[in-house]
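Chain and residue survey
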Amino acid sequence: MADWKKCRQKAEEVLKKYNIKKPLIDVFDIAQSEGIEIVYFQPQDSTDEDISGFFYEDTDTKAKRIYINKLDSAPRQVYTVAHELGHYFLGHKPNEYSVLLRQAVYATKKDEAEKEADSFAAELLMPKRMVEAVKKDYKLTDDDELILSQLFGVSQQAMHNRLSNLSRYN
Ligand SMILES: [Zn+2]
């Protein structure tokens, strides 16, 4: 079973480690500080085009890389890096995760490791207390998901999902 509590705790640990107290959360900076290289790839065919990104660790050299699709939008790339950082920080084994497909981001039928990486990404990019603080500071409500998404540098869809999740389970 996916461990949501672990996802939240790990994300909180990372935010604390890098002393991040408000958005935007610079996931590129976090990756770099962890010694993970960001590599942009240019899709060569229609199969590649469907891939948003993936995490790679060289078994011999231990070099770590996050590959991201050059053609994706900036908020999408941010989400991809956050998701792949999830596999890294949650200690998923390479046989437990796969490439991140564009359409699969909000799919419900996924492997546990993929669900956990998504959960970690949401907790890292849109921490509950930061969402609440921003809503309060700017006098925003859940109806303002577009403005909120821009303040957090995520897609409107990602913010929409996060807000409905927070209102349901917290
Ligand atoms: Zn994944």
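Our structure's up above, just so we're on the same page.
What comes next concerns the included structure. As a convention, each chain's residues are numbered from 1 in the sequence order in which they are written. For this predicted model, a pLDDT threshold of at least 70 governs which residues receive local features, and a threshold of 80 or more governs which side-chain atom pairs are given and counted, while totals over whole chains, interfaces and linings are taken from all residues. Heavy atoms throughout the structure, all of them, feed into the side-chain values; hydrogens and water do not.

**Overview of the coordination of the zinc ion**
Sodium, potassium and calcium take a 3.2 Å donor cutoff, other metals 2.8 Å, and in both cases only N, O and S atoms count; water is not among them, so sites may look incomplete. In the first shell of the zinc ion, the protein supplies His 83 (NE2), His 87 (NE2) and Glu 114 (OE), at 2.0 to 2.1 Å from the metal. Donor residues for the zinc ion, ordered by position in the chain, follow H-x3-H-x26-E. Of this pair, His 87 sits in helix 4 (residues 74–89) while Glu 114 is found in helix 5 (residues 112–125), placing the two residues 27 residues apart along the sequence. Strands here mean DSSP runs of E at least two residues long; helices mean DSSP runs of H or I at least four residues long; both are numbered from the N terminus.

**Concerning the packing of aromatic side chains**
Only Phe, Tyr and Trp rings are paired, with Trp represented by its six-membered ring, and only when their centres lie within 6.5 Å; those with planes under 30 degrees apart are stacked, over 60 edge-to-face, the remainder tilted. Scanning all chains against the criterion turns up 6 aromatic pairs. Considering the side-chain rings of Phe 55 and Tyr 88, the 6.0 Å spacing of their centres and the 55 degrees angle between planes classify their relative orientation as tilted. Taken together, the residues span a long stretch of sequence, with Phe 55 in strand 2 (residues 51–57) and Tyr 88 in helix 4 at a distance of 33 residues. Classification of residues uses two cut-offs on accessible area relative to the type maximum, computed with a 1.4 Å probe and protein chains only: under 20% is buried, over 50% is exposed, and between them is partly exposed. Phe 55 sits in the buried class, given a relative accessible area of 7%. Among the aromatic side chains, those forming a connected cluster through ring pairs are Phe 55, Tyr 88, Phe 89, Tyr 97 and Phe 120.

**Details of helix 6 (residues 128–137)**
Restricting attention to buried positions, one finds in helix 6 the residues Met 130, Val 131 and Val 134. Projected down its long axis, helix 6 shows its buried positions confined to an angular sector of 100 degrees, all on one face. Only heavy atoms matter for contacts: two residues are in contact if any of them lie within 4.5 Å across the pair. On its buried face, helix 6 sits against helix 1 (4–17), helix 7 (145–152) and helix 8 (156–169). Where helix 6 ends, the next residue or the one after it, Lys 139, has phi of about 50 degrees, a positive value. Throughout, the arc means that of the directions going from the helix axis to the C-beta atoms.

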